[in-house]
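Here's the letter readout for the chains.
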Amino acid sequence: MRRHNVIRPSLATRAAPQPLHRNVIVGTNRFNLIRQIYQYGNETLANVNNNTPAQPPIQKPDPAAVLTVVSLNLNIPANAKSHKTHKYDVCTSVVNPKLVVRRGQPFQISVTFSKEYDENKDDLQIVLEVGETPMESKDTRVKIILSHEDKPKEWGAKIASQKGTTLNIDLFTPPDSIVGKWTLKIDVVKKVNTSVHVFSYQHKDPFYILFNPWCKDDAVYMKDEKLLEEYVLNDTGKIYTGTKNTITGKPWHFAQFEPNALDVALFLLNISMLNWSARGNPVQVVRKISALANSSDDGGILTGNWSGDYKDGRSPLSWTGSGAIIDEYWKTKRPVKYGQCWVFSGITTTLCRALGIPARSVTNFSSAHDADGSITIDYHFTANGESDADKDCDSIWNFHVWNEVWMSRPDLTGNYGGWQVIDATPQELSNETYCCGPTSVAAIKCGEVGLQYDGPFVFAEVNADKVYWTPNANGDLEVAYIDKKTVGQKISTKAANKDEREDLTKDYKPDEDTCAERVAVLRANETGSKRKDIYKQRDRDIDFNVDQNEEATFVGGDFELSLRMKNRGAAPRSASGRIDVRTMFYTGVVAELVKSETFQLTGIKPGEENVFRVVATEADYDGKLKDGCMLDVTIWAYVEETDQYFTKKTDFRLRKPHLTIKAPSDATVGQEFKVEVSFRNPLSRDLTKCFVAVDGVTHSLNFPQPNVAGHSTFLATLPVTPTKAGQSDLIAIFNSNELDDINGAQPINVKTA
């Protein structure tokens, strides 16, 4: 039986299972073995795997008689600038900086020898190695002979210039080379009579080769460099949450250039056991990232928890970015507690951008979770209009956040390259692992769900129909109502190089209820579930519409909903029903009852409209709200004369106040400045266990705060010292036991001292 580190509301009372690590080699935990290899290099691995002692060092040559490497300079500042990797902390570290380059683009090294190089007398070769047991047959060991030419898309090396005993050598990497940490050796070959002696010099540090979206021959190539500034180089952004009617941009610090992000991304590929030959294929790499960003399989980064109980970890709402999570994981090599979908997405954006893959966080509002593969979301009611939740296995999340990554898809038949969905939130198994994608967005729009990977699940998330079932007079379930327009609303991401929301809905599906959209739904059902029988036409002459004023309702205020019933028929009608309001988790899991009211309307005349209203006050929901302040509304109505049923589930979010931030527009690295944050507590009760988290221009900081009295104004002045230069966002989030994620952000330009 598999064990998964996912805590859901229904499992709130259970203990969190321990992480599972697969593959144990001769009593040694594979996870720890890979960690040792990653820290200490390939030689350690060879010795451990082969159980043999290290080979004795080769005797050093006489530098006067044999060309000998005196020093090797990787020219890190110049190479990093030309490869657009100069933001990586690993390149700019004062102590032991390392080279990061992008594949398919040359970089230059400088080698100083004990004497002048003579191409007629001296034989040199450059050896590059990656992986556990480097071999030429696996493309994990490459020998490059110095040449005067550059062969396109191949490994190569040529002399750029020579000055005295120093050679400047241009190295060429193919655009499909393996992404990882490579070692670099210079071999000097000396022939003496019939013997051949190889004197090898290995640079003390490995260097990194990444994907290159600026290279037209790379599978992740993106033509528009302005887009790459956002989807690869921008380390701050927004992740959208809320509901389709009240969308909020949550500031997020992706931190892909901070010290541990790149190492963690590569470490995850190691523990995923992805074949080294596949680590140049972005399709396989992002699939593994979607599996290892969560801890449900093989010791990934983050443990999911939807229970509302986070006492042994940290609330998902309290994170300001990926940096603190990645740092904790790298330090402990254990899953971090806790995350929900936007945190999984933020981490995934970080990992992909760190590796050079264009990525963005994408939010789908009214996101369907199809648990049985039917490509419909089925709700069941009893004969008297009560929800028959025991029969329900599907759900609608108020919002769900996944990722899009950019790449070609030569593995698919058809023109389905471009943006691909991957989803690191552990929901359903895919090939026995909690991962999802990559799934072509273009294929989803067409209803082509039979392509790799996970097409039916992603299609249902954005375009499933909601089907309501009730028993007829014989007790057999019948379709009472089909809602074709609810699922997949205002699919959102941060616009490139703008501080605003971009709507992606039309990338995923045609306009609702158009011929093209219905064709896509029927095509998906034909391929996936073959549920065409549910689309029989039924006569109805009462129009039901639901009104809710979501924009104006804040936490602490009154929630009001109206059910409008208009008679389009030629005779009077009578309608009865009920409206239930419950608190809920954003995943669609309902919690506590807030309000339940029934109605009985008789004699609705032809052309007449009747309205039934429900109001819930702060006193009704006080102490019952869950993360996100979401409400679930379930409506059931029955028209006696025509045996017409109307059923509907909708969601509502009580809005939270905005955190006001006052900070200077300019700052200096290493010099402290003050930040003032404030907001008004909208609740009658006190806020307890308060703290403010600050991120963006510095590593994540937490500032504990005193309780905030009901209906009072919170005000705090915080000291912040910037750690990096450049234009960025200062992100601040207020958290408490009663009210989480009161956030704000302010742009700030940090200058060097």
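Numbers given for residues are sequential positions, taken from 1 along each chain in its written order. pLDDT decides what is reported in this predicted model: residues at 70 or higher carry local features, side-chain atom pairs at 80 or more are listed and counted, and totals for whole chains, interfaces and linings draw on all residues regardless. Based on all heavy atoms of the structure, the side-chain values leave hydrogens and waters out of the count.

### Details of the overall build of the chain
Next, step 1: Here a helix means four or more residues in a row that DSSP labels H or I, a strand means two or more in a row labelled E, and each is numbered from the N terminus. Assigned secondary structure in the chain consists of 14 helices and 41 strands.
Next, step 2: Each residue is assigned to one of three classes by its accessible area relative to the maximum for its type, calculated with a 1.4 Å probe on protein chains only: buried under 20%, partly exposed between the two thresholds, exposed over 50%. By the burial criterion, 56% of the 753 residues in the chain qualify as buried.
Next, step 3: In the chain, once contacts between residues fewer than 6 apart in sequence are set aside, the share between residues at least 24 apart is 68%.
Next, step 4: When the accessible area of the chain is evaluated, it comes to approximately 31500 Å², of which 48% is carbon and sulfur surface. Contacts: residue pairs with any heavy atoms within 4.5 Å of one another. Residue-level accessible areas treat just the shown protein chains as cover; the underlying method is Shrake-Rupley with a 1.4 Å probe.

### Some details on the sheet that holds strand S33 (residues 644–653)
Next, step 1: The antiparallel open sheet is built from four strands, whose spatial order is S30-S29-S32-S33. What marks the edges here is a single partner per strand, and that holds for strand S30 (590–604) and S33. Adjacent strand axes in the sheet meet at a mean angle of 15°, parallel and antiparallel pairs treated alike.
Next, step 2: When strand S29 (residues 573–584) meets strand S32 (residues 630–639), the two strands line up antiparallel, connected through ten bridges. In the sheet register, Ala 575 faces S32, and the bridge partner there is Val 639. DSSP calls a pair of strands paired once it identifies at least 2 bridges connecting them. Helix axes are fitted only over the stretch in contact, all axes being lines through C-alpha atoms; the angle between N-to-C directions runs from 0 to 180 degrees.

### Digging into helix H11 (residues 455–463)
Next, step 1: The buried fraction of H11 is high, at eight of nine residues.
Next, step 2: Within H11 the residues assigned to the buried category are Gly 455, Phe 457, Val 458, Phe 459, Ala 460, Glu 461, Val 462 and Asn 463.

### So, the pattern of salt bridges
Next, step 1: Salt-bridge detection follows one rule: a side-chain nitrogen of Lys or Arg within 4 Å of a carboxyl oxygen of Asp or Glu. Counting across every chain of the model gives 35 salt bridges.
Next, step 2: Note that Glu 560 and Arg 613 form a salt bridge whose closest N and O atoms lie 3.5 Å from each other. Taken together, the residues Glu 560 in strand S28 (residues 559–567) and Arg 613 in strand S31 (residues 609–616) connect sequence positions 53 residues apart.
Next, step 3: By relative accessible area, Glu 560 is classed as partly exposed at 38%.
Next, step 4: Given the relative accessible area of 46%, Arg 613 is considered partly exposed.
Next, step 5: Three or more residues are tied together by salt bridges with common partners; here these are Glu 129, Glu 136, Arg 141 and Lys 185.

### Considerations on the packing of aromatic side chains
Next, step 1: Two aromatic rings, drawn from Phe, Tyr or Trp (for Trp, its six-membered ring), form a pair once their centres lie within 6.5 Å of each other, and the interplanar angle then sorts them: stacked below 30 degrees, edge-to-face above 60, tilted otherwise. Applying the stated criterion across every chain, the model contains 25 aromatic pairs.
Next, step 2: Ring geometry for Tyr 379 versus Tyr 468: centroids 5.7 Å apart, planes at 25°, classification stacked. Of this pair, Tyr 379 sits in strand S19 (residues 376–380) while Tyr 468 sits in strand S23 (residues 465–471), placing them 89 residues apart in sequence. For the residue pair Tyr 379 and Tyr 468, the accessibility class agrees, reading buried in each case.
Next, step 3: Grouped by ring-pair contacts, the aromatic residues Tyr 379, Phe 381, Tyr 468, Tyr 481, Phe 544 and Phe 646 constitute a single cluster.
Next, step 4: When the ring centre of Tyr 453 is taken as origin, the NZ or CZ atom of Arg 287, which lies over that ring, is 4.2 Å away.
Next, step 5: Any Lys NZ or Arg CZ that is within 6 Å of a ring centre and within 35 degrees of that ring's normal is treated as a charge sitting over the ring. Lying across the ring of Trp 319, Arg 314 places its NZ or CZ 4.2 Å from the centre.

### Overview of the environment of Leu 477
Next, step 1: For Leu 477, the location among the structural elements is in strand S24 (residues 477–483).
Next, step 2: In this structure Leu 477 comes out as partly exposed when scored by relative accessible area, which is 39%.
Next, step 3: Put simply, Leu 477 and Thr 382 are 95 residues apart on the chain and 9.6 Å apart in space, counted from C-alpha to C-alpha.
Next, step 4: For Leu 477, the residues in contact, after removing those within four places along its chain, are His 380, Trp 469, Thr 470 and Pro 471.

### Observations concerning helix H9 (residues 341–355)
Next, step 1: What a helix is expected to span follows from its residue count: subtract one and scale by 1.5 Å. Between its first and last C-alpha atoms H9 spans 21 Å; for 15 residues at 1.5 Å apiece the expected length is 21 Å, and the two agree.
Next, step 2: Among the 15 residues that make up H9, 15 are buried, leaving the element largely enclosed by the rest of the structure.
Next, step 3: Taken from the residues just after H9, Gly 356 is the one with a positive phi, measuring 95°.

### Overview of the sheet that holds strand S36 (residues 673–680)
Next, step 1: Strand order across the open sheet formed by three strands is S34-S36-S39, with antiparallel pairing between neighbours. The sheet terminates laterally at strand S34 (660–662) and strand S39 (713–720), the two strands that pair on one side only. Averaged over all pairs of adjacent strands, the angle between strand axes in this sheet comes to 20°, irrespective of strand direction.
Next, step 2: Relative to S36, S34 runs antiparallel, the two sharing three bridges. Counterpart to Thr 660 in the pairing with S36 is Ser 678.

### Quick look at the nonpolar core
Next, step 1: The criterion is simple. A nonpolar core is a set of buried Ala, Val, Leu, Ile, Met, Phe, Trp, Tyr and Cys residues joined through side-chain atoms within 4.5 Å. Leu 184, Trp 342 and Tyr 508 are the most contacted members of the largest nonpolar core, which totals 137 residues.
Next, step 2: Sorting elements by how many residues they give to this core places helix H6 (residues 261–271) first, with nine residues.
Next, step 3: Once residues lying within four places of it in the same chain are set aside, the contact partners of Tyr 508 are Val 362, Trp 402, Glu 404, Val 421, Val 441, Ile 444, Lys 445, Val 462 and Ile 491.
Next, step 4: Of all hydrophobic cores here, the second largest spans 53 residues; its members include Phe 646, Ala 667, Val 675 and Phe 703.

### Focus on the pairing of strand S25 (residues 489–494)
Next, step 1: Counting buried residues along S25, five of its six residues qualify, which places the element largely inside the surrounding structure.
Next, step 2: Across two bridges, the pairing between strand S18 (residues 359–369) and S25 is antiparallel. From the neighbouring strand, Thr 363 faces S25, where its bridge partner is Ser 492.
Next, step 3: Here S25 folds back onto strand S26 (residues 501–503), and the loop between the two strands holds six residues, one of which, Asn 497, carries a positive phi near 60°.

### Looking at the packing of H6 against H9
Next, step 1: It is the contact of H6 with H9, at a shortest axis distance of 9 Å, that shows an interaxial angle of 95°. With respect to their mutual orientation, H6 and H9 come out roughly perpendicular. Each of Ala 261, Leu 262, Val 264, Ala 265, Leu 266 and Leu 268 in H6 lies in contact with H9, whose residues at this interface are Thr 350, Leu 351, Ala 354 and Leu 355.
Next, step 2: Any residue that is not Ala, Val, Leu, Ile, Met, Phe, Trp, Tyr, Cys, Pro, Asp, Glu, Lys or Arg is counted as polar, Gly included; the first ten are nonpolar and the last four charged. Here the contact of H6 with H9 is built from residues that sort into nine nonpolar, one polar and no charged. By definition in this entry, angles of less than 35 degrees are roughly parallel, angles greater than 145 are roughly antiparallel, angles of 65 to 115 are roughly perpendicular, and the rest are oblique.

### Focus: unusual backbone geometry
Next, step 1: The amide bond that connects Gly 437 to the next residue, Pro 438, takes the cis arrangement and shows omega of 5°.
Next, step 2: Along the chain, Pro 438 turns up in the loop between strand S21 (418–422) and strand S22 (439–440).
Next, step 3: Cis rather than trans, the peptide bond between Gln 452 and Tyr 453 has omega equal to -5°.
Next, step 4: As for its placement among the helices and strands, Tyr 453 is situated in the loop between helix H10 (441–446) and H11.
Next, step 5: The backbone of Lys 153 shows a phi angle near 65°, a positive value even though the residue is not glycine.
Next, step 6: The class for Lys 153 is exposed, based on a relative accessible area of 55%.
Next, step 7: The residue Asn 497 is not glycine, and still its phi comes out positive at about 60°.

### Considering the side chain of Thr 583
Next, step 1: Inspection of the secondary structure assignment puts Thr 583 in strand S29.
Next, step 2: Thr 583 has contacts with Val 590, Ala 591, Glu 592, Val 594, Lys 624, Leu 625, Lys 626, Met 630 and Leu 631, leaving out every residue within four places of it along the chain.

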